[in-house]
Amino acid sequence: MAAEGRRIRQLAALLCFSTLLCFHLQTSEAKVRHYKWEVKYEFKSPDCYRKLVITINGGTPGPTIIAQQNDTVVVDVKNNLGTENLAIHWHGIRQIGSPWADGTEGVTQCLVLPGDTFRYTFIYKFPVTLCHPCKWQPSAIQALTICIRDKNEVG
């Protein structure tokens, strides 16, 4: 009987330790993820025909942001489009506490003028992968796709 009681206590202690370990792994410390983007026109061949397209840091489609739940994402966007204003609207990212980072031009944000830099800051609250087109006005025909991937999905 005493051996059975000791075994139950050992199993209870192991279960308690396992639970605490899992809780610690799931609540890892949130980090600040910082990105610097230069938005400009470049000649590219996305569909086998060379043409002027909007790029971020020389690439198209746009870059991937890697973050995990509760990370703060900071994106410094430099507008080098020359003659066009820009704003990035983050489809699918709930801007709770950071409406100025929503990128809805004329509603929550003034446009970023050519040569200026704007800092978007938001907390990545919901761990899902989002890929969405970001459009610049007035040339709404031109768009880039930016992906926000959950760090746990990438590895």
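Every chain begins its residue count from 1, and numbering advances along the sequence as written. Given that the model is predicted, a residue must reach a pLDDT of at least 70 before its local features are reported, and side-chain atom pairs must reach 80 or more before they are shown or counted; all residues, however, enter totals for whole chains, interfaces and linings. For the side-chain quantities, the full set of heavy atoms in the structure was used; hydrogens and water were omitted.

1. What about the overall build of the chain?
Per the convention used, a helix needs a DSSP run of H or I reaching at least four residues, while a strand needs a run of E reaching at least two, with both numbered from the N terminus. For the chain, the helix and strand inventory stands at two helices and seven strands. Ordered by position in the sequence, the α and β elements of the chain form the string α-β-β-β-β-β-β-β-α. When a residue's accessible area, from a 1.4 Å probe over protein chains only, is under 20% of the maximum for its type it is buried; when over 50% it is exposed; and in between it is partly exposed. For the chain, the proportion of its 155 residues judged to be buried stands at 30%. Only heavy atoms matter for contacts: two residues are in contact if any of them lie within 4.5 Å across the pair. Of the contacts made within the chain by residues no fewer than 6 positions apart, 64% connect residues no fewer than 24 positions apart.

2. Focus: the nonpolar core
The set of buried Ala, Val, Leu, Ile, Met, Phe, Trp, Tyr and Cys residues whose side-chain atoms join them within 4.5 Å is what this entry labels a nonpolar core. One finds Trp37, Val73, Val75, Val77, Trp90 and Tyr120 to be the most contacted residues of the largest nonpolar core, which totals 21 residues. Of all the secondary-structure elements, those providing two or more residues to this core are strand E1 (32-44), strand E2 (51-56), strand E3 (64-67), strand E4 (71-80) and strand E5 (117-124). With residues near it in sequence (within four places) discarded, valine 77 still touches Trp37, Val39, Leu86, Ile88, Asp116, Thr117, Phe118 and Tyr120.

3. Let's talk about the environment of threonine 117
With respect to the element layout, threonine 117 can be found in strand E5. Separated by 41 residues in sequence, threonine 117 and aspartate 76 place their C-alpha atoms 6.6 Å apart. Contacts of threonine 117, omitting those with residues within four sequence positions, involve Asp76, Val77, Lys78 and Val112.

4. Quick word on the sheet that holds E5
Pairing in this open sheet of four strands is mixed, and the strands run E2-E1-E4-E5 from one edge to the other. For this open sheet the edge positions go to E2 and E5, each flanked by a neighbour on one side alone. Strand-to-strand twist across the sheet, computed as the mean angle between neighbouring axes with direction ignored, equals 20°. Bridging between E1 and E4 involves nine bridges; their strand directions are parallel. Bridge pairing in E4 links lysine 36 to aspartate 76. Paired strands are those between which DSSP finds at least two bridges. To get an axis, a line is fitted to the C-alpha atoms, and for a helix only the part in contact is used. The angle between two axes follows their N-to-C directions and goes from 0 to 180 degrees.

5. Some details on the pattern of salt bridges
Between Lys or Arg on one side and Asp or Glu on the other, a salt bridge is scored when a side-chain nitrogen of the former is within 4 Å of a carboxyl oxygen of the latter. The final tally for this structure, using the stated rule, is five salt bridges. Of the charged contacts, one joins glutamate 42 and lysine 40 as a salt bridge, the two residues approaching to 3.8 Å between their closest N and O atoms. A network of salt bridges, in which partner residues are shared, links Lys40, Glu42 and Lys44.

6. Overview of the side chain of asparagine 79
Relative to the assigned elements, asparagine 79 resides in strand E4. What makes asparagine 79 buried here is its relative accessible area of 0%. Any pair of N or O atoms that falls within 3.5 Å is considered a polar contact. Within protein, one atom must be able to donate a hydrogen and the other to accept it, and sequence-neighbouring residues count only if both atoms are side-chain atoms. A distance of 2.8 Å separates a polar side-chain atom of asparagine 79 from the backbone oxygen of valine 112. Those residues in contact with asparagine 79, other than ones at most four positions away along the chain, are Val39, Glu84, Asn85, Leu86, Val112, Leu113, Pro114, Gly115 and Asp116.

7. A few points about unusual backbone geometry
At asparagine 57, a position not held by glycine, the phi torsion is positive, near 55°. When its relative accessible area of 45% is taken as the criterion, asparagine 57 is described as partly exposed. Positive phi, close to 75°, is recorded for asparagine 70, a residue that is not glycine. For asparagine 70, the location among the structural elements is in the loop between E3 and E4.

8. Quick notes on the packing of aromatic side chains
The aromatic pairing rule takes the rings of Phe, Tyr and Trp, using the six-membered ring of Trp, and pairs them if the centres are within 6.5 Å, calling planes under 30 degrees apart stacked, those over 60 edge-to-face and the rest tilted. The final tally for this structure, using the stated rule, is one aromatic pair. Seen in terms of ring centroids, phenylalanine 118 and tyrosine 120 are 4.7 Å apart; in terms of plane orientation they differ by 70°. Their pairing is edge-to-face. Exposure remark for tyrosine 120: the relative accessible area of 0% places this residue in the buried category.

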